[in-house]
Amino acid sequence: MAAKIKKVSKKVGQPPGTLMHIGNGGTEKAEISLIDYNKDTIVEKKVDSIEECREFKDKSTVTWINIVGLGDLAVIRALGNKFGIHPLVLEDIVNTGQRPKLEDFENYLFIVLKMIFYKDKEGEIETEQVSLIVGPDFVISLQERKGDVFNPLRERIRNGKGSIRKMGSDYLTYTLIDTIIDNYFIVLEKVGEKLEDMEEELVSDPSTETLQAIHRLKREMIYLRKSVWPLREVITRLERGDSLLIKKSSHIYFRDIYDHTIQVMDAIETSREMLTGMLDIYLSSVSNRMNDVMKVLTIIATIFIPLTFIAGIYGMNFEYMPELGWRGAYFVVLFVMLVVGAGMIAYFKNKKWL
Amino acid sequence: MAAKIKKVSKKVGQPPGTLMHIGNGGTEKAEISLIDYNKDTIVEKKVDSIEECREFKDKSTVTWINIVGLGDLAVIRALGNKFGIHPLVLEDIVNTGQRPKLEDFENYLFIVLKMIFYKDKEGEIETEQVSLIVGPDFVISLQERKGDVFNPLRERIRNGKGSIRKMGSDYLTYTLIDTIIDNYFIVLEKVGEKLEDMEEELVSDPSTETLQAIHRLKREMIYLRKSVWPLREVITRLERGDSLLIKKSSHIYFRDIYDHTIQVMDAIETSREMLTGMLDIYLSSVSNRMNDVMKVLTIIATIFIPLTFIAGIYGMNFEYMPELGWRGAYFVVLFVMLVVGAGMIAYFKNKKWL
Amino acid sequence: MAAKIKKVSKKVGQPPGTLMHIGNGGTEKAEISLIDYNKDTIVEKKVDSIEECREFKDKSTVTWINIVGLGDLAVIRALGNKFGIHPLVLEDIVNTGQRPKLEDFENYLFIVLKMIFYKDKEGEIETEQVSLIVGPDFVISLQERKGDVFNPLRERIRNGKGSIRKMGSDYLTYTLIDTIIDNYFIVLEKVGEKLEDMEEELVSDPSTETLQAIHRLKREMIYLRKSVWPLREVITRLERGDSLLIKKSSHIYFRDIYDHTIQVMDAIETSREMLTGMLDIYLSSVSNRMNDVMKVLTIIATIFIPLTFIAGIYGMNFEYMPELGWRGAYFVVLFVMLVVGAGMIAYFKNKKWL
Amino acid sequence: MAAKIKKVSKKVGQPPGTLMHIGNGGTEKAEISLIDYNKDTIVEKKVDSIEECREFKDKSTVTWINIVGLGDLAVIRALGNKFGIHPLVLEDIVNTGQRPKLEDFENYLFIVLKMIFYKDKEGEIETEQVSLIVGPDFVISLQERKGDVFNPLRERIRNGKGSIRKMGSDYLTYTLIDTIIDNYFIVLEKVGEKLEDMEEELVSDPSTETLQAIHRLKREMIYLRKSVWPLREVITRLERGDSLLIKKSSHIYFRDIYDHTIQVMDAIETSREMLTGMLDIYLSSVSNRMNDVMKVLTIIATIFIPLTFIAGIYGMNFEYMPELGWRGAYFVVLFVMLVVGAGMIAYFKNKKWL
Amino acid sequence: MAAKIKKVSKKVGQPPGTLMHIGNGGTEKAEISLIDYNKDTIVEKKVDSIEECREFKDKSTVTWINIVGLGDLAVIRALGNKFGIHPLVLEDIVNTGQRPKLEDFENYLFIVLKMIFYKDKEGEIETEQVSLIVGPDFVISLQERKGDVFNPLRERIRNGKGSIRKMGSDYLTYTLIDTIIDNYFIVLEKVGEKLEDMEEELVSDPSTETLQAIHRLKREMIYLRKSVWPLREVITRLERGDSLLIKKSSHIYFRDIYDHTIQVMDAIETSREMLTGMLDIYLSSVSNRMNDVMKVLTIIATIFIPLTFIAGIYGMNFEYMPELGWRGAYFVVLFVMLVVGAGMIAYFKNKKWL
């Protein structure tokens with residue numbers, strides 16, 4: 001967690017609007033790809049600079065510009081100049097410590113989202129900030145790292161599958177957000193599997209590592225919840241039609257992803273409650289093991305301590321101990337010991353400790 | 001839980017409106033049954049295809065179409081075409097991971113509900129998604145699996161019992177929802193019985209299995225609560241008369257089922273609180289058993305350890321130990337041991353450990 | 001709790017408005033008593049049937065009809081016919097699983113309340129549903145069982161004590177609700193006494209029964225809270241003057257009982273918090289006893305185990321053990337044992353274990 | 001707590017407006033003192049009856065009547081008659097179980113407050129109900145018991161210190177409430193000191209008494225919170241200017257005491273959280289002591305049990321045990337025992353148990 | 001905490017508006033520094049008295065007066081006179097027990113903020129109250145102690161870096177608040193590092209000191225949360241444009257720091273949840289150590305107690321014990337003991353206790 005805060009504190013003391021990349025995007029050159037389409041035509045190309053995108057911006061076709069690599073501040077600055085984006089928005093794009101949010105600047109919307117990935121080995125959830133700038137007929141998406149989550153969407157645009165080619169930039173925005181939220185389900189599915197593994201481990205062989213794993217996952221769930229919770233508000237505002245850039249006919253689609261967000265929240269809550277339950281079972285499991293240890297000690301000790309006492313009596317060196325001289329006394333004592341021992345065992349069986 | 005999320009993640013990457021059945025409905029042919037009635041007449045028949053239902057749709061009589069089997073996508077698609085249902089609604093019908101909700105499309109209402117069943121053996125609660133499409137004079141209900149919950153209702157329509165034959169599609173909707181909510185009471189009653197069994201088990205013979213059963217049931221309650229909570233909102237909106245399809249005279253009936261929903265919520269909350277209390281009792285019960293074990297150990301050890309020490313003294317081989325030669329010393333020592341032992345027992349009795 | 005849900009599930013599958021008594025009222029004939037009064041006159045009589053009450057209904061005097069016994073469905077049905085009460089209201093009257101609520105039917109108010117009794121022996125709180133139907137100049141109260149809670153009120157009407165004879169049906173409603181809420185204070189007082197008893201028991205002699213009693217009482221408090229919480233809303237609506245049947249001059253009286261409701265809620269909350277604190281003290285008390293047991297074991301064992309070891313050494317049978325032959329060696333060893341034992345005791349005293 | 005509820009239940013069954021003192025005020029004669037002032041003049045006197053106060057009421061000067069002793073019902077009744085106070089208000093004045101509240105009767109305000117005192121010896125917080133009746137140019141304050149909290153205020157009026165003499169009855173009301181709230185800080189300061197003492201005790205010498213003291217203080221904090229919470233609302237309404245009796249220029253003063261109320265709430269919350277933390281430390285402290293006990297037992301037992309076993313071997317009486325006859329065998333065995341014992345101690349040192 | 005309340009209680013009984021410094025500011029002379037600037041010019045100087053600042057107040061340039069040292073009441077009083085500040089505001093400035101708040105006096109805004117510092121050695125968070133008085137073209141900032149947090153800001157004004165020189169007093173207010181909030185990130189980063197250290201310590205070597213450190217930090221987090229929570233409201237009101245002194249063009253900047261406040265809240269919540277998790281791990285860690293101790297005891301005792309018993313048998317002095325005379329019996333018994341001991345060890349290995 002310290003790491004997450006550290007990212008932000010680096011910028012302390014800078015005037016607002018200062019661009020400084022805080023995140024994992026590196027500083028190599030940004031990759032810019034562009035898809036320009038309408039019902040009939042489609043242009044797709046890799047571009048070198050934001051300048052090349054300008055011509056598409058003013059056309060009535062829908063233009064989707066995808067920028068990967070937030071460390072290339074020159075590109076971000078060019079974006080600000082050519083598309084007239086507010087400096088504070090640019091700052092938020094490169095500073096990846098933002099919460100999901102929607103800001104409405106009359107001629108464009110600025111949307112911040114969190115993409116999540118589950119790193120199986122470390123049992124950790126990694127997030128990546130995805131920013132969207134939505135104009136009347138363009139959408140600019142900005143990612144920290146390369147990834148293939150948007151590939152099926154590109155495929156759909158190319159093939160004209162579904163109604164995407166017939167719709168505007170608001171529908172493209174919807175599909176982008178939908179893709180990101182769908183990703184949450186994949187991560188939650190993996191978390192669910194991990195939970196089931198841990199649950200078995202808990203009963204069979206609980207260790208301090210299990211406890212730490214439970215706490216680590218619980219913390220990840222808390223962190224995830226913080227990423228999804230503000231998303232609800234973002235989508236509610238898109239669904240309610242606060243912005244003129246979202247056409248009324250698209251509201252139903254945003255209502256659909258609103259439902260998905262709620263389902264994600266539900267799954268996160270369920271995971272958290274399962275983890276809390278697992279903590280209880282862990283503690284109970286540990287205390288049961290302790291009880292088992294104690295029982296063995298008690299059984300051994302309570303059987304043999306009285307027997308040792310009896311042996312001790314006849315080990316005394318008194319000159320006058322009549323039993324010592326009796327024939328068979330030794331065997332009588334052995335028999336008595338047997339009876340006492342068997343009695344103890346019967347007592348424990350009765351108490352269900354054996 | 002992983003299973004529940006998995007269902008949804010299968011669809012990731014598909015364009016919206018793609019029909020893909022996610023649930024337990026299987027893929028065999030859907031069963032469609034139709035009841036068409038008004039105050040005077042009643043027609044009841046099994047139909048093969050949605051097309052056959054069309055003629056009834058436009059008549060002023062109330063038409064109830066019940067479809068069982070969501071895996072038969074052809075029927076769902078036909079329903080969409082003939083009745084003009086939005087593709088996203090069709091998608092929600094076949095994807096059974098929805099939360100209860102109400103969507104108002106001017107000319108019809110789309111209602112998603114959850115039917116619940118208690119599987120006694122596994123101690124699990126199973127849910128089935130029931131969707132209702134409510135038009136001005138028709139109601140279409142869609143179920144995942146065959147079941148007999150709606151049979152008493154069919155009987156009432158046939159017999160004209162109650163006022164159902166005189167009322168419109170809104171009243172039919174009410175009775176359908178009422179039937180589903182009544183089912184919750186049956187499940188909660190069974191859960192209540194299970195709780196009472198577990199409570200007795202807790203005190204008499206608590207085991208790790210009991211603990212796991214408590215947690216399993218607690219989780220089921222959490223899941224149930226999530227099914228019922230949004231139901232409240234659905235019914236509030238029906239009661240408040242947001243939709244023109246619900247006549248003002250029917251509001252009182254929806255207020256009635258609103259009251260039932262609150263009672264269900266109350267019963268779920270009570271169950272949860274009982275389960276929390278049972279966890280406390282379980283832990284206390286386990287720790288009491290531990291105490292019992294410790295007490296036995298302590299009593300045995302503290303009685304015999306001093307006695308063994310005395311025996312040990314007179315087992316020493318010193319040449320000059322005057323007591324060894326005394327007559328009766330042996331019996332004196334035995335008597336001393338008896339007194340010490342009895343003193344210990346008296347002490348424990350006094351401390352109430354015996 | 002199962003019992004409480006069972007009551008409701010009996011009715012599953014019945015059409016709405018079906019009268020079926022669910023509760024403890026039995027099926028014997030209902031007792032109907034009537035008081036009709038204004039400033040000057042008073043008529044009081046037992047009546048046999050609702051029909052006899054009709055003549056009083058239309059007079060401008062205030063008429064209070066008290067019906068005891070909800071199992072006599074004929075009376076309930078007659079009430080519905082003669083006074084024009086909605087079938088769903090009649091259903092709610094006889095089905096005693098309702099939560100406190102207020103329903104406003106333009107020409108009458110329907111109020112559901114819960115009367116509570118504390119059964120000292122079982123340590124349980126019993127509830128009884130009391131329904132009020134408030135018209136412009138009549139009040140009908142319906143109870144499950146006979147009781148004398150309303151007797152002081154009858155006395156006040158007879159004697160014209162207080163201002164009750166000068167006021168209308170709204171004031172009578174106020175006094176009826178006030179009487180019921182005053183009863184809560186009596187129950188809470190008894191619960192408070194029970195709590196104080198349990199608190200003493202906790203410290204002096206905690207047992208699993210105490211724990212179960214705490215949990216039982218906690219559950220009763222939760223249940224009680226659920227009865228009182230909706231009451232707040234009922235009274236707020238009466239106080240705010242939502243209904244024309246409540247005169248403006250009576251609002252101040254309803255504000256008064258609103259204050260009482262808040263005080264009841266406060267007392268319930270305080271009880272719950274005390275019970276939570278008692279759980280902590282119970283657990284700590286049990287663990288303290290365990291510690292006491294362990295300390296005794298430890299003290300006895302750590303004193304005698306080293307001494308027994310010393311005795312063991314001189315019990316060995318080596319041929320060449322010079323000490324054995326020394327005169328006084330025995331007494332030296334005894335003295336050493338005394339010193340070791342005393343040293344241990346001093347150590348424990350120092351550690352404050354003795 | 002039972003005591004607190006009992007007070008209220010005494011009145012059950014009485015008609016509303018019945019005066020019956022419930023509290024600690026006793027029944028001796030009330031003490032009435034009067035201060036009448038404006039910028040220029042001041043009259044201060046003890047009066048015998050409410051009648052004497054009447055002449056001051058109608059003068060335009062500010063009149064402050066302070067009444068101590070709520071058991072003197074004659075005075076309360078006279079107050080009702082002469083100043084036209086509603087019977088329910090009189091009832092609330094003498095029944096000291098009220099929560100802080102503000103009631104607005106067009107020509108006067110009725111304010112209920114709670115004065116608190118910390119009884120150091122018992123570690124308990126005692127409350128006293130203070131009622132204020134605020135008219136256009138008079139304030140009547142009613143207290144249960146004599147006290148000197150208002151003395152500095154009287155002094156300020158006499159000396160004309162601050163702006164009090166230039167202001168109206170609303171400012172006097174403000175200073176009265178301010179004085180009461182200031183008293184909360186004094187109590188919370190004492191509680192804070194108590195908490196610090198308890199914190200030290202917890203670590204040095206935790207006992208069941210400490211646990212009970214924590215719980216008692218926690219309960220007091222809960223009770224205190226209930227007294228302060230509604231106060232917030234009272235002051236918010238005064239600050240917002242709901243009543244015409246509070247001049248606009250005084251709003252800023254009420255905002256000031258609103259801030260103080262929030263600070264009191266904060267301090268109470270902080271105390272509660274500290275107490276919760278102390279519970280954790282108590283439990284951990286007790287369990288640490290238990291661990292210490294167990295460690296001593298384990299160390300002693302694990303060192304001496306093997307040694308005693310060795311001694312036991314050579315205490316056996318077999319005829320043919322070659323070692324017994326060896327010269328120096330005894331010393332070898334003693335040396336072996338020393339090595340085993342030292343090895344055990346080294347092991348424990350290594351495990352950090354010593 | 002007691003200390004924090006004590007500060008406030010000192011003032012009890014004083015009339016409102018009485019200036020009395022409650023805090024750590026000392027009583028030495030206040031240091032006043034002034035910066036007056038617009039786009040083109042800048043004047044910066046240390047001044048001796050508030051009087052010297054007056055001339056700048058009425059100029060249209062932005063004037064920032066920074067006052068350090070709240071114990072110098074003469075300066076505060078002069079500020080009140082020359083700038084027309086309400087006495088209650090002056091009181092709040094010098095009484096440093098305020099919560100963050102915003103008060104809007106038509107011609108100026110009064111803002112209270114909390115600056116925080118992390119004292120690494122003590123593991124404590126220290127707060128300092130910073131008050132801002134914002135007029136149409138001046139900002140007065142008041143601090144308790146000298147510090148260098150505002151130096152980078154002064155540098156920016158001198159260099160004309162960023163847009164600060166072109167903007168008005170509202171933008172200066174924004175940068176001041178931004179600087180203070182940025183400081184929170186620095187503190188939270190340090191807390192994060194501390195948390196990571198403690199987490200390692202927890203697993204490797206948990207002690208009661210660790211527990212106390214966790215609780216201390218948890219309390220600091222609670223206290224911090226109370227400082228930040230009301231800040232949210234302050235900034236929301238500035239962002240929403242409630243005051244005419246904040247220009248519309250500045251709203252976006254306040255929205256920016258609103259986002260930061262939310263991030264601070266998130267980080268505090270995350271820290272709290274981590275601390276709660278650490279408490280669980282601490283308790284589990286302590287209980288694991290206890291288990292280890294018990295296991296060692298059990299293993300040693302259960303191996304040697306039966307062996308000692310066997311030795312005890314052959315230490316008995318019966319005259320007729322045939323085994324004693326057998327040759328090799330001694331070695332057989334030793335072998336039997338070896339087998340029993342090895343069997344026990346195998347049993348423990350099997351149970352995974354070794």
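Everything numeric here is computed off the predicted structure, so don't read it as measured data.

Criteria and cut-off values
- Residues numbered from 1 in each chain as written.
- Chains lettered and ligands numbered in written order.
- Predicted model: local features only at pLDDT ≥ 70, side-chain atom pairs only at ≥ 80, totals over all residues.
- Helix = DSSP H or I, 4+ residues; strand = E, 2+ residues; numbered from the N terminus.
- Contact = placed C-beta atoms within 7 Å.
- Pairing = 2+ DSSP bridges.
- Axes fitted to C-alpha atoms, helices over the stretch in contact; angles between N-to-C directions.
- Nonpolar A, V, L, I, M, F, W, Y, C, P; charged D, E, K, R; others polar.
- Core = buried A, V, L, I, M, F, W, Y, C linked by C-beta atoms within 7 Å.
- Buried ≥ 20, exposed ≤ 12 C-beta atoms within 10 Å, placed from the backbone.
- Least-squares fit on C-alpha atoms with pLDDT ≥ 70 in both.
- Domains from an automatic or database assignment.
- pLDDT = per-residue confidence, 0-100.
- Parallel < 35°, antiparallel > 145°, perpendicular 65-115°, else oblique.
- Left-handed = near helix turned anticlockwise from the far one by under 90°.

Colleague: Even after reading the chapter, I still don't get the overall build of chain A, so can you show me in this structure?
Modeller: Per the secondary structure count, chain A includes 10 helices and 7 strands. Counted over contacts in chain A with a minimum sequence separation of 6, partners at least 24 positions apart contribute 70%.

Colleague: Just checking my understanding: could you explain the sheet that holds strand β5 (residues 108-119) of chain C for this structure?
Modeller: Two strands in a sheet stick together by hydrogen bonds in their backbones, pointing the same way (parallel) or opposite ways (antiparallel). Residues and elements named next belong to chain C. Strand order in the open sheet formed by 7 strands is β2-β1-β3-β7-β6-β5-β4, with mixed pairing between adjacent strands. The sheet is open, and its two edges are formed by β2 (42-47) and β4 (101-105), each paired on a single side. Sheet twist, expressed as the mean angle between neighbouring strand axes with direction ignored, is 15°. Relative to strand β3 (residues 62-68), strand β1 (residues 31-37) runs antiparallel, the two sharing 7 bridges. Paired with Glu31 across the strands is Val68, a residue of β3.

Colleague: Help me understand the interface of chain B and chain A in this model?
Modeller: Interface size is commonly expressed as the accessible area that is lost once the parts come together. Facing the 45 residues of chain B at the interface are 53 residues of chain A. Of all the secondary-structure elements, those providing two or more residues to the side of chain B that touches chain A are α1 (2-9), α7 (208-239), α8 (251-313), α9 (322-325) and α10 (329-350) of chain B. With 15 residues, α8(B) is the single largest residue contributor to the side of chain B that touches chain A. Residue classes in the side of chain B that touches chain A are distributed as 27 nonpolar, 12 polar and 6 charged.

Colleague: What is the right way to read the nonpolar core from this model?
Modeller: Here is a general trend for soluble globular proteins: nonpolar side chains tend to be buried in one another's company. Ranked by internal contacts, the top residues of the largest apolar core, which has 105 residues, are A:Ala301, B:Ala301, C:Ala301, D:Ala301 and E:Ala301. Ignoring any residue separated from it by four or fewer positions in sequence, one finds C:Ala301 in contact with B:Ala301, B:Ile305, D:Leu297, D:Ile300 and D:Ala301.

Colleague: What is the right way to read the relation of the copies chain B and chain A from this model?
Modeller: Superposing the two chain copies requires a rotation about an axis and a translation along that axis. Taken as rigid bodies, chain B and chain A are interconverted by a rotation of 72° and an axial shift of 0.0 Å, the fit giving an RMSD of 0.1 Å. The relationship between the two copies is best expressed as a five-fold rotation axis. Among all residues of chain B, the one whose C-alpha sits closest to the rotation axis is B:Gly315, at a distance of 4.7 Å. The overlap is low: 16% of the interface residues of chain B also sit at the interface in chain A, so different surfaces are used on the two sides.

Colleague: Mind showing me how you'd approach the pairing of β1(C) here?
Modeller: For a regular strand, side chains alternate in direction, first toward one face of the sheet and then toward the other. All names here are of chain C. In the sheet, β1 pairs with β2 via 6 bridges, with the strands oriented antiparallel. When the sheet's bridge partners are listed, Ile32 is paired in β2 with Val47. Connecting the antiparallel pair β1 and β2 is a turn made up of 4 residues.

Colleague: Can you walk me through the domain arrangement of chain A in this structure?
Modeller: What the domain assignment lists for chain A is domain 1 (2-285) and domain 2 (295-350). Once you take the C-alpha centre of each, domain 1 of chain A and domain 2 of chain A turn out to be 76 Å apart.

Colleague: It is not clear to me how the sheet that holds strand β4 (residues 101-105) of chain E should be interpreted in this structure. Could you clarify?
Modeller: Residue and element names in this part refer to chain E. One open sheet holds the 7 strands; their spatial order is β2-β1-β3-β7-β6-β5-β4, and the pairing between them is mixed. Two strands in the sheet have a free side with no partner beyond their single neighbour: β2 (42-47) and β4. Taken pair by pair, the neighbouring strands of this sheet meet at an average axis angle of 15°, ignoring direction.

Colleague: Is there a simple way to think about the environment of C:Ser204 in this case?
Modeller: By the element assignment, C:Ser204 lies in helix α6 (residues 169-204). For the pair C:Ser204 and C:Ser285, spaced 81 residues apart in sequence, the C-alpha to C-alpha distance is 9.1 Å.

Colleague: I would appreciate a short explanation of the confidence of the model for chain A in the present structure.
Modeller: Any segment with low pLDDT has predicted coordinates that should not be analysed in fine detail. Looking at chain A as a whole, the pLDDT averages 85, with 95% of positions reaching at least 70. For chain A, the element scoring lowest by mean pLDDT is helix α1 (residues 2-9) of chain A, at 50; strand β7 (residues 138-143) of chain A scores highest, at 93.

Colleague: Whenever I open this one, helix α4 (residues 87-94) of chain C confuses me. Can you help?
Modeller: Note on helix geometry: an α-helix contains 3.6 residues per turn, so any two residues three or four positions apart are oriented the same way. Of all the 8 residues making up α4(C), 6 are buried; the element is thus mostly covered by neighbouring parts of the structure. Buried-residue contacts for α4(C) involve α3 (73-83), β5, β6 (124-134) and β7 (138-143) of chain C.

Colleague: How do you make sense of the pairing of strand β7 (residues 138-143) of chain D when you look at a structure like this?
Modeller: All names here are of chain D. Most of β7 sits inside the fold, with 6 of its 6 residues counted as buried. A two-sided burial pattern is seen for β7, the buried positions comprising Phe138, Ile140 and Leu142 on one face and Val139, Ser141 and Gln143 on the other. The sheet contact formed by strand β3 (residues 62-68) and β7 spans 6 bridges and is parallel. The residue of β7 that forms the bridge with Ile65 is Ile140. The turn linking strand β6 (residues 124-134) back onto β7 is made up of 3 residues.

Colleague: Teacher, can you tell me more about the packing of helix α8 (residues 251-313) of chain A against helix α10 (residues 329-350) of chain A here?
Modeller: Packed helices, taken two at a time, are described by the angle their axes make and the gap between the axes. Residue and element names in this part refer to chain A. It is at 10 Å that the axes of α8 and α10 come closest, and there the two elements cross at 160°. Judged on the interaxial angle alone, α10 and α8 are roughly antiparallel. Regarding α8 and α10, the two cross each other, and that crossing is right-handed. Contacts between α8 and α10 involve Ile299, Thr302, Ile303, Pro306, Leu307 and Ile310 on the former and, on the latter, Val333, Val336, Met337, Val340, Gly341, Met344, Ile345 and Phe348. Partitioned by chemical class, the residues of the contact of α8 with α10 number 12 nonpolar, 2 polar and no charged.

Colleague: What is the right way to look at the environment of A:Asp58 in this model?
Modeller: In this structure, A:Asp58 sits in the loop between α2 (54-57) and β3 (62-68). In sequence terms A:Asp58 and A:Pro322 are 264 residues apart; their C-alpha atoms lie 120 Å from each other.

Colleague: Help me out: how do you make sense of the packing of α3(C) against α4(C) in this one?
Modeller: Residue and element names in this part refer to chain C. At a closest axis distance of 10 Å, the pairing of α3 and α4 adopts a crossing angle of 150°. Between α3 and α4, the angle is such that the two are roughly antiparallel. Judged by the sense of rotation from one axis to the other, the crossing of α3 with α4 is right-handed. For the pair α3 and α4, the contacting residues are Leu73, Ile76 and Gly80 in the first and Pro87, Leu90, Ile93 and Val94 in the second.

Colleague: How should I be thinking about the environment of A:Val43 in this particular structure?
Modeller: Residue and element names in this part refer to chain A. As for its position among the elements, Val43 is in strand β2 (residues 42-47). Judged by C-beta crowding, with 12 C-beta atoms within 10 Å, Val43 ranks as exposed. Taking the C-alpha atoms as reference points, Val43 and Arg158, 115 residues apart in sequence, are found 9.2 Å from one another.

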